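# Survey of secondary and tertiary structure
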Amino acid sequence: MAALILFKTFFILNVILSVADRNIFTFARKSHKLAKFRLAMEMHAIVPDVIDSLPQTVLEAVYANNVVVDAGKELTPTKVKDKPTVKWPAEEGSFYVLMMVDPDAPSRQNPKFREWHHWLVVNIPGNDVAKGETLSEYIGSGPPKNTGLHRYVLLVFKQPGKLRFDEKKLTNRSGNGRGKFSTRNFATKYKLGDPIAGNLFQAQWDSYVPTLYKQLEG
């Protein structure tokens with residue numbers, strides 16, 4: 001009898017320790033991911049070029065064929081031509097803004113069109129982007145030839161509630177109205193505060209870009 005009790009106690013302790021180990025591993029992995037992301041945002045000067053303070057969580061973004069946005073890693077326009085699946089820690093009953101901007105238009109050396117916004121969705125319930133209101137349809141990366149790497153920044157803001165936005169709705173058949181967008185001004189206008197989640201990748205011209213430009217001719 002004593003041996004059985006000892007065995008059960010030993011088994012329960014092993015289970016507890018196993019769960020604790022998994023939790024510690026998960027926490028460590030998330031902490032490493034966040035630290036890597038924040039370092040990339042600082043290294044690529046997203047503060048101060050786009051925002052004033054770094055998001056506290058990582059926006060998970062995955063393109064077709066399991067192409068993952070990973071803290072500044074270079075992707076190609078071909079790989080990001082269609083909108084990604086995105087996810088962030090969302091509160092039930094809350095609404096969010098999702099955007100993607102390029103602060104390097106037409107180049108990082110001469111960003112006279114900063115920021116060129118590629119995607120803008122508002123009034124997203126939780127993180128269900130499909131149920132949000134799309135102000136600007138998704139346009140993939142299209143950096144001009146010989147302009148080097150561009151930064152593409154994905155950001156999420158929590159809204160103070162469901163809002164009415166007065167921006168003109170833009171399709172993905174034209175580039176009109178996309179340039180000289182300001183994340184800061186938009187956030188100030190709608191009292192969004194600092195971004196709660198974000199991520200970024202880099203891209204430079206590839207053979208898909210002329211196809212995109214043709215699409216934007218309407």
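The name given to the protein in an unreviewed UniProt entry is Phosphatidylethanolamine-binding protein, with the source organism recorded as Ignelater luminosus.

Right, let's get into the pairing of strand E8 (residues 150–158). As a general feature of sheets, a regular strand has side chains that alternate between the two faces. Among the nine residues that make up E8, eight are buried, leaving the element largely enclosed by the rest of the structure. As defined by bridge partners, strand E5 (residues 95–102) adjoins E8 across six bridges and the pair is classed as antiparallel. Residue pairing in the sheet places Met99 in a bridge with Leu155 of E8.

This part takes up the pattern of salt bridges. As enumerated under the stated definition, the model contains 12 salt bridges in all. With its nearest N and O atoms 3.8 Å apart, the salt bridge here joins Arg114 to Asp49. Here Arg114 is found in the loop between E5 and strand E6 (116–125), whereas its partner Asp49 is found in helix H2 (residues 46–49), with 65 residues between them in sequence. The exposure class assigned to Asp49 is partly exposed, which follows from its relative accessible area of 21%. One salt bridge connects Arg151 with Asp49, and the closest N-O pair in it is separated by 2.9 Å. Highlighted residues: Arg151 in strand E8 and Asp49 in helix H2, separated in sequence by 102 residues. Each member of the salt-bridge network shares a partner with another, and the members are Asp49, Asp104, Arg114 and Arg151.

Counted under the stated rule, the structure contains nine aromatic pairs. Judged by centre distance (5.1 Å) and plane angle (55°), the ring pair of Phe186 and Tyr190 falls under tilted. Accessibility expressed as a relative area gives 4% for Phe186, which makes it buried. Accessibility expressed as a relative area gives 10% for Tyr190, which makes it buried. The ring of Trp205 carries Lys145 above its face, with NZ or CZ at 4.5 Å from the centroid.

One open sheet accounts for three strands, arranged E3-E2-E4; its pairing is antiparallel. The sheet is open, and its two edges are formed by strand E3 (67–68) and strand E4 (85–87), each paired on a single side. Here strand E2 (residues 60–63) runs beside E4; their pairing, made up of three bridges, is antiparallel. Along E4, the bridge assignment pairs Glu60 with Lys87.

Mapped onto the fold, Gln159 is located in the loop between E8 and helix H3 (183–189). Overall, the relative accessible area of 4% leaves Gln159 in the buried class. A distance of 2.9 Å separates a polar side-chain atom of Gln159 from the backbone oxygen of Gly161.

We now examine the sheet that holds E8. Taken in spatial order, the six strands make up an open sheet running E1-E9-E8-E5-E6-E7, and their pairing is mixed. Looking along the sheet, the strands with just one partner apiece sit at the ends: strand E1 (57–58) and strand E7 (133–136). As judged from the seven bridges shared by E8 and strand E9 (residues 197–203), these two strands associate in the antiparallel manner. Each bridged residue has a counterpart across the sheet, and for Leu155 the counterpart in E9 is Gly198.

Moving on, we get to the nonpolar core. As a rule of thumb, soluble globular proteins bury nonpolar side chains together. Counting residues in hydrophobic clusters, the biggest one holds 25 residues, and the most contacted among them are Met41, Val97, Met99, Leu120, Leu155 and Phe186. Only helix H1 (2–43), E5, E6, E8 and H3 provide two or more residues apiece to this core. Leu59, Tyr152, Ala197 and Ala203 belong to the second-largest nonpolar core, a separate cluster that totals 23 residues.

Moving on to the environment of Ser31. Structurally, the position occupied by Ser31 is in helix H1. The sequence separation of Ser31 and Thr57 amounts to 26 residues, and the corresponding C-alpha distance is 9.8 Å.

A few words on unusual backbone geometry. Here the residue pair Val47 and Pro48 is connected by a cis peptide bond, since its omega of 20° sits within 30 degrees of zero. In this structure, Pro48 sits in helix H2. A positive phi angle is found at Ala45, which is not glycine, with a value near 55°. By the secondary structure assignment, Ala45 is in the loop between H1 and H2.

Quick notes on the rules
- Residues numbered from 1 in each chain as written.
- Predicted model: local features only at pLDDT ≥ 70, side-chain atom pairs only at ≥ 80, totals over all residues.
- Heavy atoms only, no water.
- Buried < 20%, exposed > 50% of the residue type's maximum accessible area, 1.4 Å probe, protein only.
- Helix = DSSP H or I, 4+ residues; strand = E, 2+ residues; numbered from the N terminus.
- Pairing = 2+ DSSP bridges.
- Salt bridge = Lys/Arg side-chain N within 4 Å of Asp/Glu carboxyl O.
- Phe/Tyr/Trp six-rings, centres within 6.5 Å; stacked < 30°, edge-to-face > 60°.
- Lys NZ or Arg CZ within 6 Å of the ring centre and 35° of its normal.
- Polar contact = N/O pair within 3.5 Å; in protein donor to acceptor, adjacent residues only side chain to side chain.
- Core = buried A, V, L, I, M, F, W, Y, C linked by side-chain atoms within 4.5 Å.

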